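# Descriptive structure summary
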Amino acid sequence: MEAVSTRARVYVACVTVAALFCLLPLPGIRTPWWAVALLAALYAGCERAARSRFVGISHPAGTFYPVLLAGAFLLPAPAAALVAVPGALLSHVGQRPVALRRIWRAAQLVLGVWAAARVHWMLGGRDAVVAGDVPYALGPAGAAVLTFCLVLALLDGGILAAAERVPVRRAWRGLVARSLAPIAVHGLAGLMMAVLWRSPYGPVAALLVLLPMCVSWWAFAQYHRERAAHQATIRALVQAVDIKDGYTRGHSERVGQASMMIARELGMDDERVEVLRFAGILHDVGKLGVPTRLLRKNGPLTPEERRVIELHPEYGHEMVRGIGFLGEARAAVLHHHERLDGSGYPYGLLGRQIPESARVVAVADAFDAMTSTRSYSRARPVAVALEELERCAGSHFDPVMVAALVEAVRRTGWHPAVTADDAHTPRVPPPGAPLSSRPGAHR
């Protein structure tokens, strides 16, 4: 079972208690319980179907927010909140601890739906839904959707700060902006469901609203399958490099992880963080074009041999040029050996002439090279490697990128990604940990 910090467990417990308080009035309210049961069954069934082999969506629960928001527009707040519970508790969870994650998701949705239903009720949205007055209903529904989005973002930021120790100033950054647009679309579908539910055509007509949503979810799943195929191609290229250059096995994934840490520390959005992870993973793919005897040579290289190896960024750039979704990662593959003082290769770029993605990968690459055992050098302790990066900041490396990596490692430690070929890589504690707790060098 994956370890969960005490802070995170306490946070989840507090959110769960708050959710239970929202559900306490249930025995005393008057509501059509058949509608509650139907909506709850619909939400739970849709969540399960969304993760079936046919659809293939592997996202966290919440794909069918229209059903939850329809409940918020139709039912009293405690009853609307109850709609989310069965689906959340029965949802598929890919990481352990499963029970804790399901309870967290249920509590989060209960609070979000309860708050949305309360706002909708106070603004008179229920009367507009009953009367079928869609223009008037848009205002209260919009406020309810915004409330739902804000509550989920607030709770998500809190769990990031508690479980992953993300700084408070960064935990909530961008959460509302990223989720508001899709939740707003779900809210509009939920409002249409609620209006049709109250119309003479009844719940059957309301369910028809889900059909176009299901088509869009299926198309979204196909997009993710295509992206997974691209990632499989990238992984195959990286494995080929690892096989060819045995001394650096696992290096590409670790550089990808360090690049991701730097990007997150700089506050980049999730899409850019993912691109920079790809850049780190693929930075050495051009070594496939370098003779194996040079990559595995013990001892120093001759000037001619070094010139051959220094061609690998250009080889790599040619290999990934046609992979459209990589974006700026292609520039990182080409320029990750450039230096700020112009002494790097292949083009001797200076300072800001070097693309930002390449400056990130250059720091990540050097850090992993120093903390890994190679044929020509022993691994250095993490603290020593970070000091060396700081010493070379401004001449070889971008000081901003170095500072970001130092801060990220100081806060969370250096946890190299575990691969099939590197399964016994130890975890290295933050630089401030006692030296007696540091494990030995790793490849």
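Residues numbered from 1 in each chain as written. Predicted model: local features only at pLDDT ≥ 70, side-chain atom pairs only at ≥ 80, totals over all residues. Heavy atoms only, no water.

### Comments concerning the overall build of the protein chain
- Tallying secondary structure elements over the protein chain gives 20 helices and zero strands in all.
- For the protein chain, the residues scored as buried account for 49% of the 443 residues in total.
- Summing over all exposed atoms, the protein chain offers an accessible surface of approximately 21000 Å²; the carbon and sulfur share of this is 62%. (Helix = DSSP H or I, 4+ residues; strand = E, 2+ residues; numbered from the N terminus. Buried < 20%, exposed > 50% of the residue type's maximum accessible area, 1.4 Å probe, protein only. Areas by Shrake-Rupley, 256 points an atom, 1.4 Å probe, with all protein chains shown as cover.)

### Details of the packing of aromatic side chains
- What the rule picks out here adds up to four aromatic pairs.
- Measuring from ring centre to ring centre gives 5.1 Å for Tyr65 and Phe148, while their planes differ by 85 degrees; the resulting arrangement is edge-to-face. Placement of the pair is Tyr65 in helix α3 (residues 65-74) and Phe148 in helix α7 (residues 134-163), with a sequence separation of 83 residues.
- Residue class for Tyr65 comes out buried when judged on its relative accessible area of 9%. (Phe/Tyr/Trp six-rings, centres within 6.5 Å; stacked < 30°, edge-to-face > 60°.)

### Comments concerning the nonpolar core
- Membership of the largest hydrophobic core comes to 63 residues, with the highest contact counts inside it found for Leu68, Phe73, Leu75, Leu109 and Phe148.
- Secondary structure elements with two or more residues in this core: α1 (6-23), α2 (33-50), α3, α4 (77-89), α5 (98-122), α6 (125-131), α7 and α9 (175-198).
- What Leu68 contacts, discounting residues up to four positions off in sequence, is Tyr43, Val83, Ala84, Leu109 and Val113.
- Ranked by size, the runner-up nonpolar core spans 46 residues in total, among them Met261, Leu276, Ile281 and Ala385. (Core = buried A, V, L, I, M, F, W, Y, C linked by side-chain atoms within 4.5 Å. Contact = heavy atoms within 4.5 Å.)

### Quick look at the confidence of the model for the protein chain
- For the protein chain, the average pLDDT comes to 82, and 84% of its residues sit at 70 or higher.
- Taken element by element, the protein chain is modelled with least confidence in helix α8 (residues 168-171), mean pLDDT 71, and with most confidence in helix α18 (residues 356-370), mean pLDDT 94.
- Here residues 53-62 is a poorly scored stretch, pLDDT under 50, and it has 29 contacts once near neighbours within four places are set aside; other chains count. (pLDDT = per-residue confidence, 0-100.)

### Quick look at unusual backbone geometry
- Cis geometry is found at the peptide bond from Tyr345 to Pro346, where omega equals 15 degrees.
- As for its position among the elements, Pro346 is in the loop between α17 (329-335) and α18.

### Comments concerning the pattern of salt bridges
- Evaluated as defined, the whole model comprises 13 salt bridges.
- A salt bridge links Arg277 to Glu274, with the shortest nitrogen-to-oxygen separation between them at 3.1 Å. Residue Arg277 and its partner Glu274 are both found in helix α13 (residues 270-282); the two are separated by three residues, about one turn of the helix.
- In the salt-bridge network here, residues are joined through shared partners; they are Glu265, Glu407, Arg410 and Arg411. (Salt bridge = Lys/Arg side-chain N within 4 Å of Asp/Glu carboxyl O.)

### Some words on helix α20 (residues 399-412)
- Over its 14 residues, α20 extends 20 Å from the first C-alpha to the last, a length consistent with the 20 Å expected when each residue adds 1.5 Å.
- The set of residues buried in α20 consists of Met401, Val402, Ala404, Leu405, Val406, Ala408 and Val409.
- Structurally, α20 contributes buried residues whose contacts are with α12 (251-265), α18 and α19 (382-392).
- With its phi angle positive at about 80 degrees, Gly413 sits one or two positions after the end of α20. (Expected span 1.5 Å × (residues − 1).)

### Quick look at the side chain of Thr16
- Here Thr16 shows up in helix α1.
- A polar contact of 2.7 Å, which involves the side chain of Thr16, links it to the backbone oxygen of Val12.
- If we skip the residues at most four places from it in the chain, Thr16 touches Ile103 and Ala107. (Polar contact = N/O pair within 3.5 Å; in protein donor to acceptor, adjacent residues only side chain to side chain.)

### Quick notes on the environment of Gly342
- One can find Gly342 in the loop between α17 and α18.
- The spatial distance from the C-alpha of Gly342 to the C-alpha of His396 is 8.4 Å, given a sequence separation of 54 residues.
- Every residue in contact with Gly342, bar those within four places of it in the chain, is listed here: Gly348, Leu349 and Leu350.

### Section: α3
- The buried fraction of α3 amounts to ten of the ten residues, a majority that puts the element mostly inside the structure.
- Among the residues of α3, those classed as buried are Tyr65, Pro66, Val67, Leu68, Leu69, Ala70, Gly71, Ala72, Phe73 and Leu74.

### A short note on the packing of α13 against α18
- As a packed pair, α13 and α18 sit with axes 10 Å apart at the nearest point and diverge in direction by 55 degrees. As judged from the angle between their axes, α13 and α18 are oblique. The hand of the α13/α18 crossing is right-handed. When α13 is examined against α18, the residues Arg272, Leu276, Ala279 and Gly280 are found in contact with a partner set consisting of Glu356, Ser357, Val360 and Val361. (Axes fitted to C-alpha atoms, helices over the stretch in contact; angles between N-to-C directions. Parallel < 35°, antiparallel > 145°, perpendicular 65-115°, else oblique. Left-handed = near helix turned anticlockwise from the far one by under 90°.)

### A look at a nonpolar patch on the surface
- A contiguous nonpolar surface patch, about 330 Å² in accessible area, is contributed by Val17, Phe21 and Leu24.
- Inspection of the secondary structure puts Leu24 in the loop between α1 and α2.
- Leu24 gets classed as exposed once you look at its relative accessible area, which sits at 56%. (Patch = residues over 30% accessible without salt bridge, like charges linked within 9 Å, V, L, I, M, F, W, Y side chains within 5 Å.)

### Here's the deal with the side chain of His251
- Mapped onto the elements, His251 comes out in helix α12.
- The class of His251 is buried, set by a relative accessible area of 2%.
- Among the polar contacts listed, one links the side chain of His251 to the side chain of Asp365, at a separation of 2.9 Å.

### Observations regarding the packing of α18 against α19
- Where α18 meets α19, the axes come as close as 9 Å, and the angle between the chain directions of the two elements is 140 degrees. Compared by their axis directions, α18 and α19 come out oblique. In this structure, α18 crosses over α19, and the sense of that crossing is right-handed. For the pair α18 and α19, the contacting residues are Val363, Ala366, Phe367 and Met370 in the first and Val382, Ala385, Leu386, Glu388 and Leu389 in the second.
- Here the contact of α18 with α19 is composed, by residue class, of eight nonpolar, no polar and one charged. (Nonpolar A, V, L, I, M, F, W, Y, C, P; charged D, E, K, R; others polar.)

### Let's talk about the environment of Glu328
- Assignment of secondary structure puts Glu328 in the loop between α16 (312-320) and α17.
- The class for Glu328 is partly exposed, based on a relative accessible area of 27%.
- For the pair Glu328 and Glu356, spaced 28 residues apart in sequence, the C-alpha separation works out to 8.8 Å.
- With residues up to four places along the chain from it excluded, the contact list for Glu328 reads Arg272, Val275 and Ser357.

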